[in-house]
Amino acid sequence: MKQSLIEITQRIRERSAPTRQAYLQRMEQAIARPRGADRMGCANVAHAFAALPSNDKLRVVAERAPNIGVVTAYNDMLSAHQPYEAFPAIIRDEAHKLGATVQVAGGVPAMCDGVTQGEPGMELSLFSRDSIAMGTAIALSHDVFDAVLLLGVCDKIVPGLLIGALQFGHLPCVFVPAGPMKSSGMSHGEKSTVREHFARGMVGRGELLAAESAAYHGVGTCTFYGTANSNQMLLEAMGLHVPGAAFVHPLAGLREALTREAVRTVLSIIPGENRFTPIGRLVDPRVIVNAMVALLATGGSTNHLIHWVAVARAAGIIIDWTDFSDLSRTTPLLARVYPNGSADVNQFQAAGGPSFIIRELVEGGYMHSDVATVAEGGIREYGKVPQIVRERLVWKDLPQKTTDDGVVRNTDEPFSETGGLKLLTGNLGRSMIKVSAVPDERHIIEAPAIVFSAQEELLAAFKAGKLERDFIAVVRFQGPRANGMPELHKLTPPLAVLQGKGFKVAIVTDGRMSGASGKVPAAIHLSPEALAGG
């Protein structure tokens, strides 16, 4: 392993020792209790299983069969989550074949940032993560489960599910993804060009709607490498998926096979099995560092600089932006997926996807290989790709060398020697920037500052033609205390238009940009925020 990986992990471990010990102590106390159906009062048990079919009641109470709780983020608003409508039936069918029972423990809210971008609802976006975490904990508080399957994909949903599940760290948990939508034929670069043309008044609403509808056209996750798809990369790197499950289309036959395998996997790590692996033990400092490295090596979403600090803290582990920055200095950039390149996630998957990246990072000594995973065989199993062969799910090794070096690279020929995210410090405080999406010639921008107190002010100034010059937009009062820290992705098209005209532009803000944002240099998450005296 790389010495920097060892040293950064060790300092996180030392910093976290008191909180991690307290967390593990609570978890071990929960593990030591009798199972819920044996421990709880008769009225409690009767309520818990009242709606189960009689044969399932017999299984879970008298025969002590494993009872799987499902927490789902299903709704019809999110294309990424619509496929989850069919998952409980598949999970129940597979569980029954294996002698287990299943209950949907609860549903959590799931909002789409694509729908709320630039709208008042976006101010609820970041807050929704903690509502999802609470919803997950409420679902699991019924306390009659032996294992948990977590159904969620998108931006705040996966971090919220993970934070909530870690409050029940004594339970084995497997995340079950649904997969990306098919590539539409319209590239993300073409879509961005239409947005810029609309911002300049060159096309109308009809043309813009046609382009957007071509890009977002069916079930599955949006195909750019934003926060939702970064979630899937990180879950693979943490060993919380069935290996290779992230980027298989929702309607592919392989998707159902992987969903059924998630049931088999979680039942193989419940109490009483040789591989008993509760999530609170699995998610240790090494696993958190592995997730951070995977984010940096793929130029993933800046939103995870917020989310994974909270995820780690839920397991008693304390990380900060300095840890991300120090890891970034020695983590190679191995992927170019939009907005860091032209490929979408389907092309990323075809080139090897998360499996290729994880294999390269593990073999190169950039990730911890001695970690627990939900899959038998450890993290190296996540360097293989799943396939159906003669009606059986199997995992195959990838070619040693990349088959598309415009999308993924081996560690000996990376796109960059350093990772995709950087920490910035100065007299304003600390902020982060995603450098993997910014061309080298735009890494330094010197220009006068123009201060805005709302994104609407910047948009109005652009429409009035007042921004035809070099400038750095300082957009303040966008932090969590001010208005919930919304994403400011609506500012990308006008700034990109000005950049395209040859002006030097950048943005500094205490708010967030979308995981899909790129192109324009953006120092974001500035702390302290304006409302706190920054």
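Below, the structure is looked at part by part.

**Observations regarding the overall build of the protein**
Right, so step 1: Along the backbone of the protein there are 21 helices and 12 strands.
Right, so step 2: Taking 2.2 N^0.38 as the reference for a compact globule, 534 residues should give roughly 24 Å; the C-alpha atoms of the protein span a radius of gyration of 23 Å, in line with that estimate.
Right, so step 3: A principal-axis box enclosing the C-alpha atoms of the protein has dimensions of 75 × 50 × 50 Å.
Right, so step 4: Relative to its full complement of 534 residues, the protein shows a buried share of 59%.
Right, so step 5: When contacts within the protein are restricted to residue pairs at least 6 apart in sequence, those whose partners lie at least 24 apart make up 76%.

**Some points on the environment of Leu209**
Right, so step 1: Along the polypeptide, Leu209 turns up in helix 10 (residues 205-215).
Right, so step 2: The exposed category is assigned to Leu209, whose relative accessible area is 52%.
Right, so step 3: Spatially, the C-alpha atoms of Leu209 and Ala95 are 43 Å apart, while their sequence positions differ by 114 residues.

**What about the pattern of salt bridges?**
Two side chains carrying opposite charge are able to pair once their charged atoms lie near each other.
Right, so step 1: In the structure shown here, the tally under the stated rule is 28 salt bridges.
Right, so step 2: Salt-bridge contacts for Arg286 lead to Asp370; the nearest nitrogen and oxygen are separated by 3.4 Å. Here the residue Arg286 occupies a position in helix 14 (residues 285-298), and Asp370 occupies one in the loop between helix 18 (353-363) and strand 5 (384-389), the gap between them amounting to 84 residues.

**Brief notes about the nonpolar core**
Right, so step 1: Counting 125 residues, the largest nonpolar core has Leu149, Leu240, Ile288 and Trp308 as the members making the most contacts within it.
Right, so step 2: Considering each element in turn, this core owes the most residues, 10 residues, to helix 14.
Right, so step 3: Apart from residues no more than four positions distant in its own chain, Trp308 is found in contact with Val158, Pro159, Leu162, Asn231, Leu234, Met238, Ile288, Ala291, Ile319 and Phe324.
Right, so step 4: With 20 residues, the next largest nonpolar core counts Leu488, Val497, Val505 and Val520 among its residues.

**Some details on the side chain of His170**
Right, so step 1: Mapping His170 onto the fold places it in the loop between helix 8 (157-166) and strand 4 (173-175).
Right, so step 2: For His170, a relative accessible area of 13% gives the class buried.
Right, so step 3: If near-sequence neighbours (up to four positions away) are discounted, His170 is found in contact with Met27, Ala30, Ile31, Arg33, Asp143, Phe276 and Pro278.

**Looking at the side chain of His188**
Right, so step 1: By the secondary structure assignment, His188 is in helix 9 (residues 188-199).
Right, so step 2: Separated by 3.3 Å, the side chain of His188 and the backbone nitrogen of Phe224 make a polar contact.
Right, so step 3: Contacts of His188, omitting those with residues within four sequence positions, involve Thr223, Phe224, Tyr338 and Asp344.

**Some words on the sheet that holds strand 11 (residues 505-509)**
Right, so step 1: Spatially, 7-8-12-11-10-9 is the arrangement adopted by the 6 strands of the open sheet, whose pairing is mixed. The open sheet terminates on both sides in strands that have one partner only, identified here as strand 7 (421-426) and strand 9 (449-452). Strand-to-strand twist across the sheet, computed as the mean angle between neighbouring axes with direction ignored, equals 25°.
Right, so step 2: Each of strand 10 (471-475) and strand 11 touches helix 21 (residues 492-500); the most contacted strand, strand 11, lies at about 150° to it.

What counts and how
Residues numbered from 1 in each chain as written. Predicted model: local features only at pLDDT ≥ 70, side-chain atom pairs only at ≥ 80, totals over all residues. Heavy atoms only, no water. Helix = DSSP H or I, 4+ residues; strand = E, 2+ residues; numbered from the N terminus. Rg over C-alpha atoms; globule rule 2.2 N^0.38 Å. Buried < 20%, exposed > 50% of the residue type's maximum accessible area, 1.4 Å probe, protein only. Contact = heavy atoms within 4.5 Å. Salt bridge = Lys/Arg side-chain N within 4 Å of Asp/Glu carboxyl O. Core = buried A, V, L, I, M, F, W, Y, C linked by side-chain atoms within 4.5 Å. Polar contact = N/O pair within 3.5 Å; in protein donor to acceptor, adjacent residues only side chain to side chain. Pairing = 2+ DSSP bridges. Axes fitted to C-alpha atoms, helices over the stretch in contact; angles between N-to-C directions.

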